[in-house]
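Below are the chains, spelled out letter by letter.
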Amino acid sequence: MESQDGTIALTGQIGLIWKQTKAPLLVPFLKVMVVVCLAMSVMLFEERVYMGIVIVFLKLLGRKPEKMYKWEAIKDDVELGNSAYPMVLIQIPMYNEKEVYQLSIGAACGLSWPADRIIIQVLDDSTDRAIKSMVEQECKRWASKGINIKYEIRDNRNGYKAGALKEGMKHSYVKQCDYVAIFDADFQPEPDFLYRTIPFLINNPEIALVQARWKFVNSDECLMTRMQEMSLDYHFIVEQEVGSSTYAFFGFNGTAGVWRISALNEAGGWKDRTTVEDMDLAVRASLKGWKFVYVGNLKVKNELPSTFKAYRYQQHRWSCGPANLFKKMAIEIIRNRKVSLWKKFYVIYSFFFVRKIVAHIVTFVFYCVVLPTTVFVPEVQVPKWGAVYIPSIITLLNAVGTPRSLHLVMFWILFENVMSLHRTKATFIGLLEAGRVNEWVVTEKLGDALKAKSGAKASKRTHIRMGERLHLLELGVGAYLFFSGCYDMGFGKNRYFIFLFLQSIAFFIAGFGYVGTFVPTS
């Protein structure tokens, strides 16, 4: 009886403390957070609607880059011979790329371009001696076939990819080249890639960069890769297209693009001050007055990260880097006198603030923290337009980029909300320049490795590494959402519990590591 009385007394004390703190502290704070989150939701909504309107007009008007800029195919000249073709450098940065190095080198060496007007440069930062040896042998094999291929290494990994690219530009033979095409180790350009991109640069001296679209060879590998495809298709089909077609701005994707070397140098070359060296270079070049063109109908095959671990590292880099770059360059962009006020506004507000900061923060803070918390505080109401209508329209506008996956849109919402936990954390790390701000982990590529592994070994690996697959942050958020759902179902009036239960399940699935592909040992 005493223990029961003690429990009742403790419960009463907790209830009293809750009542005393809720009215003066929690209610005002939560009301402010709701207003802030609604404001951010409206910003994101306006951005998505604007993008949608522009894309519709672009489709109706049939505006293609070949019509917007001068584009003429390079013609053979009997007198000039191959010298009619500009010298092109192909850079392939790689790091322990055992599974894909042959694919990328083979695709680069298979580009249709006069052999004496192209230089393939393999920048190998591998730390595994066996892999290093294999990459070198592959380069020698292609060299024996008459391909002008250079195998370059360095004695450190300073600056990671940016450092490798910067070091690669220092070699004497690069001075012969007018343009540089960059392909990450898992990218496989089609043979006509240079014939379709270089004419933009030859005929339009104001263009610094030609960016191609990514095509994913493993999008059907698992549900996680399908979710990634939906997000990235929107980025390429809508965001990049709008930025290019309105002459505003779009970021270099770090690969599958061709740079005018003189523009690259004028912008200050490669810098390793953030984990998004590609975006950094693009912003600096844009501030110098250079233009970029995006060719959406030119697709380059590549691989999506199919393990949850690899995807988390990639998303940390892609979220932390832009936030950190925004902090470093905001004042410089505002003070710049070479670009128009409209372009400055577009880069600062639309490209950086809304897409790289607001989009991540509002997704997690609003739908995974604030909304569930209002269940316990009935004094704070979220209007239906903010809780239901706006996110529904934003979701549909995002989903149109991948029509084949429209039936998976609910899974996509739940998965994106789970990933928003890491993106929000990474965004704050970038803004505050905290501990992992410059963490650069190469995204693991599997190539055809999975096809060679047996299901039995995969099962064995799953049991052995169960402990390593636990993610406490996801489990913690999942538990809070589940508790909120239970309270809402029992005592609340919001009827958010269906969403809260579904979202908590998504967090639990990720928390226990049942996301993506499991890679068995050899």
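Residues numbered from 1 in each chain as written. Predicted model: local features only at pLDDT ≥ 70, side-chain atom pairs only at ≥ 80, totals over all residues. Heavy atoms only, no water.

Helices and strands together make up the secondary structure of the chain, namely 16 helices and 7 strands. Along the first, second and third principal axes, the C-alpha atoms of the chain reach 100 × 55 × 40 Å. Split by element, the accessible area of the chain, about 24,100 Å² in all, is 61% carbon and sulfur. Here the chain contributes 63 positive and 48 negative side-chain charges, whose respective centroids are spaced 3 Å apart. (Helix = DSSP H or I, 4+ residues; strand = E, 2+ residues; numbered from the N terminus. Areas by Shrake-Rupley, 256 points an atom, 1.4 Å probe, with all protein chains shown as cover. Lys, Arg positive; Asp, Glu negative; His and termini not counted. Charge placed at Lys NZ, Arg CZ, Asp CG, Glu CD.)

We now examine the sheet that holds strand β7 (residues 291-302). Taken in spatial order, the 7 strands line up as β3-β2-β1-β4-β6-β5-β7 in an open sheet, and their pairing is mixed. Looking at which strands have only one partner, the edges of the open sheet turn out to be β3 (149-152) and β7. If you compare each strand with its neighbour and ignore which way they point, the axes differ by 20 degrees on average. Looking at chain direction, strand β2 (residues 118-124) and β3 are connected through 4 bridges and run parallel. In the sheet register, glutamine 121 faces β3, and the bridge partner there is lysine 150. Sitting on the sheet, helix α4 (residues 129-143) is in contact with β1 (88-94), β2 and β3, with an inclination near 160 degrees to β3. Contacting β5 (207-216) and β7, helix α7 (residues 223-245) runs over the sheet at an angle of about 155 degrees to β5. (Pairing = 2+ DSSP bridges. Axes fitted to C-alpha atoms, helices over the stretch in contact; angles between N-to-C directions. Contact = heavy atoms within 4.5 Å.)

Let's shift gears to a nonpolar patch on the surface. A cluster of nonpolar side chains, Met410, Leu470, Ile498, Leu502, Ile505, Ile509, Phe512 and Tyr514, forms an exposed patch at the surface whose accessible area comes to about 730 Å². By residue number, the principal contributor to the nonpolar patch is helix α16 (residues 497-511), which donates 4 residues. Note that isoleucine 509 resides in helix α16. (Patch = residues over 30% accessible without salt bridge, like charges linked within 9 Å, V, L, I, M, F, W, Y side chains within 5 Å. Salt bridge = Lys/Arg side-chain N within 4 Å of Asp/Glu carboxyl O.)

This part is about the UniProt feature "domain: Glycosyltransferase 2-like" (unreviewed entry) in the chain. Look at the UniProt record and you will see "domain: Glycosyltransferase 2-like" (unreviewed entry) annotated at residues 179-371. Helix makes up 57% of residues 179-371 and strand 16%, whereas the separation of the span's terminal C-alpha atoms amounts to 51 Å. (UniProt positions renumbered as here; feature names shortened; annotations may be inferred.)

Our next topic: the packing of helix α10 (residues 308-335) against helix α11 (residues 341-373). With their axes 10 Å apart at the nearest point, α10 and α11 run at an angle of 155 degrees to one another. Here α10 lies roughly antiparallel to α11, going by the angle between them. Between α10 and α11 the crossing geometry is left-handed. Contact residues: α10 offers Ser319, Pro322, Leu325, Phe326, Ala330, Ile333, Ile334 and Arg335, while α11 offers Lys344, Val347, Ile348, Phe352, Lys356, Ile357 and His360. Here the contact of α10 with α11 is built from residues that sort into 10 nonpolar, 2 polar and 3 charged. (Parallel < 35°, antiparallel > 145°, perpendicular 65-115°, else oblique. Left-handed = near helix turned anticlockwise from the far one by under 90°. Nonpolar A, V, L, I, M, F, W, Y, C, P; charged D, E, K, R; others polar.)

Okay, the pairing of strand β6 (residues 257-260) next. In β6, alternate side chains face the same way, and those of Gly257 and Trp259 on one face and Val258 and Arg260 on the other are all buried. Judged from the 4 bridges that link them, strand β4 (residues 179-182) and β6 form a sheet pairing that is antiparallel. The partner of alanine 181 across the bridge, within β6, is valine 258. When β5 meets β6, the two strands line up antiparallel, connected through 3 bridges. Paired with glutamine 211 across the two strands is glycine 257, which belongs to β6. (Buried < 20%, exposed > 50% of the residue type's maximum accessible area, 1.4 Å probe, protein only.)

Averaged over every residue, the pLDDT of the chain is 89; the share at 70 or more is 91%. pLDDT under 50 marks residues 453-464. Its contacts with residues more than four places away, or in other chains, come to 13 contacts. (pLDDT = per-residue confidence, 0-100.)

Of note, arginine 355 is situated in helix α11. Residue arginine 355 is classed as buried on the basis of its relative accessible area of 8%. For arginine 355, the contacting residues outside a window of four places in its chain are Glu47, Met51, Glu239, Tyr346, Ser350 and His360.

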